[in-house]
Amino acid sequence: MSQRRILRLSGPDTRSFLQGLVTNDVEKIDRGLVYAALLTPQGKYLADFFLLAEGSDVLLDADADQAEGLMKRLSMYRLRAKVDITLSELQVQRGTGQAPEGALTDPRHNNLGWRLYGDQGGDDGSDWDAIRVAHCIPETGVELTPDSYILEAGFEALNGVDFRKGCYVGQEITARMKHKTELRKGLRVVEIDGMAPAGSAITAAGKPVGTLFTQSGPRAIAYLRLDRAKGEMIAADAQLRLPNTG
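All values reported here derive from a predicted model rather than from experimental measurement.

Asker: Give a description of the nonpolar core that names residues and reports values.
Answerer: Counting 31 residues, the largest nonpolar core has Y35, Y117, L144, I150, F155, V161 and L187 as the members making the most contacts within it. Contributions of two or more residues to this core are made by β2 (34-39), β3 (45-54), α3 (128-135) and β10 (185-193). Split by domain, this core shows at least three residues from each of two domains, domain 1 (4-178) and domain 2 (184-241). The contact partners of Y35, leaving out residues within four places of it in the chain, are N24, D48, F49, F50, P107, R108, L144, F155, L158, N159 and G160. Counting residues in each nonpolar core, the second largest holds 22 residues, with L7, L21, A62 and L70 among its members.

Asker: I'd like a rundown of the sheet that holds strand β13 (residues 219-225), residues and numbers included.
Answerer: Overall, antiparallel pairing links the six strands, which are arranged β10-β13-β12-β11-β14-β15 in a closed barrel. For this sheet, the mean inter-axis angle between neighbouring strands, taken without regard to orientation, is 40°. Where strand β12 (residues 207-216) and β13 come together, five bridges link them in antiparallel fashion. Pairing of L212 across the sheet is with A222, part of β13. Along the sheet face, α3 touches β10, β12 and β13 and points at about 140° away from the line of β12.

Asker: So what's going on with the sheet that holds strand β6 (residues 91-95)? Residues and values would help.
Answerer: Spatial strand order, β7-β8-β6-β9: four strands in an open sheet with mixed pairing. Two strands in the sheet have a free side with no partner beyond their single neighbour: β7 (104-105) and β9 (122-123).

Asker: Please give an account of the UniProt feature "domain: CAF17 C-terminal" (unreviewed entry) in the protein that cites residues and values.
Answerer: The sites that carry the UniProt feature "domain: CAF17 C-terminal" (unreviewed entry) are, in the present numbering, residues 184-241. Across residues 184-241, the secondary structure splits into 0% helix and 64% strand, with the terminal C-alpha atoms separated by 17 Å.

Asker: Tell me about the domain arrangement of the protein, residues and numbers included.
Answerer: Considered domain by domain, the protein is made up of domain 1 (4-178) and domain 2 (184-241). For domain 1 and domain 2, the distance between their C-alpha centroids amounts to 28 Å. Across the contact, 12 residues belong to domain 1 and 13 residues belong to domain 2. Carbon and sulfur atoms supply 66% of the area that domain 1 and domain 2 bury against each other, a total of about 1,100 Å² over both sides. Taken together, the connections running from domain 1 to domain 2 amount to zero salt bridges. Where domain 1 touches domain 2, the interface holds four residue pairs in polar contact (both at pLDDT 80 or more). In terms of residue class, the side of domain 1 that touches domain 2 is built from eight nonpolar, no polar and four charged.

Asker: Which residues make up the packing of aromatic side chains, and what are the values?
Answerer: With the rule as written, the count across this model stands at two aromatic pairs. Here the aromatic rings of Y35 and F50 are separated by 5.3 Å at their centres, their planes lie at 40°, and the arrangement is tilted. Here the residue Y35 occupies a position in strand β2, and F50 occupies one in strand β3, the gap between them amounting to 15 residues. Across this residue pair, the class does not change: Y35 and F50 are buried. Residues Y35 and F155 carry aromatic rings whose centres are separated by 5.0 Å and whose planes lie at 25° to one another, so their mutual orientation is stacked. Taken together, the residues span a long stretch of sequence, with Y35 in strand β2 and F155 in the loop between α3 and α4 (171-179) at a distance of 120 residues. The burial state of Y35 is the same as that of F155; both residues are buried. Note that R108 overlies the ring of Y35, its terminal NZ or CZ placed 5.5 Å from the centroid. Sitting over the ring of F163, K178 keeps its end group 5.3 Å from the ring centre.

About the cut-offs
Residues numbered from 1 in each chain as written. Predicted model: local features only at pLDDT ≥ 70, side-chain atom pairs only at ≥ 80, totals over all residues. Heavy atoms only, no water. Core = buried A, V, L, I, M, F, W, Y, C linked by side-chain atoms within 4.5 Å. Buried < 20%, exposed > 50% of the residue type's maximum accessible area, 1.4 Å probe, protein only. Helix = DSSP H or I, 4+ residues; strand = E, 2+ residues; numbered from the N terminus. Domains from an automatic or database assignment. Contact = heavy atoms within 4.5 Å. Pairing = 2+ DSSP bridges. Axes fitted to C-alpha atoms, helices over the stretch in contact; angles between N-to-C directions. UniProt positions renumbered as here; feature names shortened; annotations may be inferred. Buried area = accessible area lost by both parts, 1.4 Å probe. Salt bridge = Lys/Arg side-chain N within 4 Å of Asp/Glu carboxyl O. Polar contact = N/O pair within 3.5 Å; in protein donor to acceptor, adjacent residues only side chain to side chain. Nonpolar A, V, L, I, M, F, W, Y, C, P; charged D, E, K, R; others polar. Phe/Tyr/Trp six-rings, centres within 6.5 Å; stacked < 30°, edge-to-face > 60°. Lys NZ or Arg CZ within 6 Å of the ring centre and 35° of its normal.

Next up, the structure:
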C-alpha cells in the first residue's frame, strides 16, 4: 500500500469550501467514506483522496507524495473561507478480511475492503495490485498522472464523481466529456503474454495505441486509444489483447 498522510480541515466553512473544489458530493461523508479528486481548471487530474467526517472536521486521506502539494493548493483556494488545514498524526490501516470495529468500506469497489483511521497504519498483506488489475482500479502516481482525465480513468464506476452536485474546479470539462462526447481513450484491462515494464508503449500494426501500466499475472491495466485497440498488440516483449467478451 502506498504511504498515506491525513489532512484535517476544520472551521465553519469546511464543507462548503470543499464542495466547491472536489469532484464528489462532500455531504455524502455523513454516510461513510467518500472518494474524490481535485482537478485543474482544464479538467485534468491533480490528486485523488478519501474524505471522512470526524465530528465537525473533515479528514482527507491522501497519498503521502501528494499531501504537501494538496495543502498548498487548498490553502491557495481558501481565500476568506473560515477553514484551517493541518497535517494530522492519524494513520490508516487497510484490509480485505473481517473489518475491525470502526472501519469504513472503501467506496471504490467492494473487493477493496475497508479502511480504519487511528494510531496505527499498515495493511493485512492483500495483493492490492491483483485486485486493482482485476477491476481496472487506477493507482495514484501510476495510472493516475497529471495527464489523466478522471472519466477516462473510470472515476464514474469508482463512485468518485457526482454529476448532480453543482460546480467544482474542472467541472465544465468533466461534464462535457460525460454528456457531449464519446470517450475515445481510457483505462482497460488487457490480457498479456510475457512481461513488459510499466510505462511501455503499446502498438498495433505498427501504430501507437497506448501505454501499459500495472501487470498482475496474465492481466494488466492499459491506457488505450480505443479505436486502435483491436487484435494483437505489442508492449516491449509482451503480447496484449482485449478480453473476449462475446
